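Observations on chain architecture
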Amino acid sequence: MMPDAFSPQDFAERLIAWQRQHGRHDLPWQVRDPYAVWLSEIMLQQTQVATVRDYYPRFLAAFPTVQDLAAAEEDAVLALWAGLGYYSRARNLHAAAKQVVAQFGGVFPDTREDLESLKGVGRSTAAAIAAFAFGRRETILDGNVKRVLCRVFALDGNPADKRFERQLWDLAENLLPQAAEDMPAYIQGLMDLGATVCKRSKPLCGPCPMAQHCLAKAQDRIGELPRKKTAATVKSVAVYWLVLRNKAGEIWLEKRPAGGIWGGLHCVPCFERLADLYAYAAAFGVAAEAVEEDAPLTHRLTHRLLLITPLRAETGCLTGGGQPGIWAQKNGFGLPKPLAAYLDTKPFSQR
């Protein structure tokens, strides 16, 4: 049995009505303040809502305005971001806050095009901010929305094909409601439908407001659409940590380069070869036989599995042994999540 005829306006009206009755209304970032909306949208990139719920209020309390964020030290920003991952987002967030202050007088721009000029803000993120904060008729196209559109309209294409993505953007724009006041509910509805009903696996077709119109459901292709991306190869990488403590119980930390793993965070020295670790330790007066090996641990990144072996030692060296870094207590620094967890099992001495 084929679905009923379905117009773009039908889609928007059904989605808005469903969102207002069944969608999520308790998210702390469901406000019209563009700064708060922007902050949440950056945090929600590649991160689950449940995780962002924990970080968002702490971040907003520390930096309640874009001016506060722009004036903050990068280390303070990264310290609050530690554990959220994809640390380039935090650095871009900080840079974008400075842009808003310097280029827009501390007032967030209200068009998608101007929002896209901010560091770390792509088209979909800019559209979400414009729709939520300013009621602009702009559409988003994240993974959840692509899944909804591919299923409801039985669109089959290679997710890596730019022409197919352009087709999805065109459809998404054609489905927008006419009234600006409907935009927040519509965009939130797209997010809610993909996240809570039209899920990747085990979708809940029964309560779906699009069920009687869904072509994938009628064609028994829900499990097939959208096509899955080719799985990325996960490479295992061996890493050795040198965990040096001085007599004050402080730990030696280096600031990671902006590019690469844990960019901008503070971390213990990392090495790919044990020989390099021992040579580094020697600069602190630590002999190879004085270094103790702890149980290895693993940490999964998007395309890499880190096989980490911590090696610890104490030193009487009060300087940096000629190496760039800082002796510090744990609190107040943005540390990689696996290092913070490891140090919790090997607590700092208290002064």
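Residues numbered from 1 in each chain as written. Predicted model: local features only at pLDDT ≥ 70, side-chain atom pairs only at ≥ 80, totals over all residues. Heavy atoms only, no water.

1. Details of the overall build of the protein
Assigned secondary structure in the protein consists of 14 helices and eight strands. In terms of overall dimensions, the protein has C-alpha extents of about 80 × 45 × 35 Å along its principal axes. Of all 351 residues assigned to the protein, the portion counted as buried reaches 47%. Within the protein, contacts between residues separated by at least 24 positions form 68% of all contacts whose residues are at least 6 apart in sequence. Taken as a whole, the protein presents about 17,200 Å² of accessible surface, with 51% of it coming from carbon and sulfur. Averaging the positions of the 41 positive and the 37 negative side-chain charges in the protein gives two centres separated by 4 Å. (Helix = DSSP H or I, 4+ residues; strand = E, 2+ residues; numbered from the N terminus. Buried < 20%, exposed > 50% of the residue type's maximum accessible area, 1.4 Å probe, protein only. Contact = heavy atoms within 4.5 Å. Areas by Shrake-Rupley, 256 points an atom, 1.4 Å probe, with all protein chains shown as cover. Lys, Arg positive; Asp, Glu negative; His and termini not counted. Charge placed at Lys NZ, Arg CZ, Asp CG, Glu CD.)

2. Thoughts on the layout of surface pockets
By volume, the second largest pocket is sized at about 590 Å³. Gly85, Tyr86, Arg300, Leu301 and Thr302 are, among the 20 residues lining the second largest pocket, the residues nearest its centre. Residue composition of the lining of the second largest pocket, by class: eight nonpolar, eight polar and four charged. Both domain 1 (8-219) and domain 2 (235-345) contribute no fewer than three residues apiece to the lining of the second largest pocket. (1 Å grid on protein atoms, 1.4 Å probe; cavity = no way out; pocket = protein on both sides within 12 Å on 5 of 7 lines; lining within 4 Å. Points joined across faces, edges and corners; volume = space filled by probe spheres on them. Nonpolar A, V, L, I, M, F, W, Y, C, P; charged D, E, K, R; others polar. Domains from an automatic or database assignment.)

3. Some points on unusual backbone geometry
Omega for the bond connecting Leu225 with Pro226 falls within 30 degrees of zero, at -10 degrees, which places this linkage in the cis form. Mapping Pro226 onto the fold places it in the loop between helix H12 (215-218) and strand E1 (235-245). The residue Gln46 is not glycine, and still its phi comes out positive at about 60 degrees. Structurally, Gln46 can be placed in the loop between helix H2 (34-43) and helix H3 (49-62). Even without being glycine, Lys202 reaches a positive phi, approximately 55 degrees. Structurally, Lys202 is set in the loop between helix H11 (183-197) and H12. The exposure class assigned to Lys202 is exposed, which follows from its relative accessible area of 72%.

4. Focus on the packing of helix H1 (residues 8-22) against H11
Closest axis-to-axis distance for the H1/H11 pair is 8 Å, and the angle between their directions is 75 degrees. One element, H1, and the other, H11, form an angle in the roughly perpendicular class. Across from Phe11, Ala12, Leu15, Ile16, Trp18, Gln19 and Arg20 in H1, the residues of H11 making contact are Ala185, Tyr186, Gln188, Gly189, Leu190, Asp192, Leu193, Thr196 and Val197. When its residues are assigned to classes, the contact of H1 with H11 shows ten nonpolar, four polar and two charged. (Axes fitted to C-alpha atoms, helices over the stretch in contact; angles between N-to-C directions. Parallel < 35°, antiparallel > 145°, perpendicular 65-115°, else oblique.)

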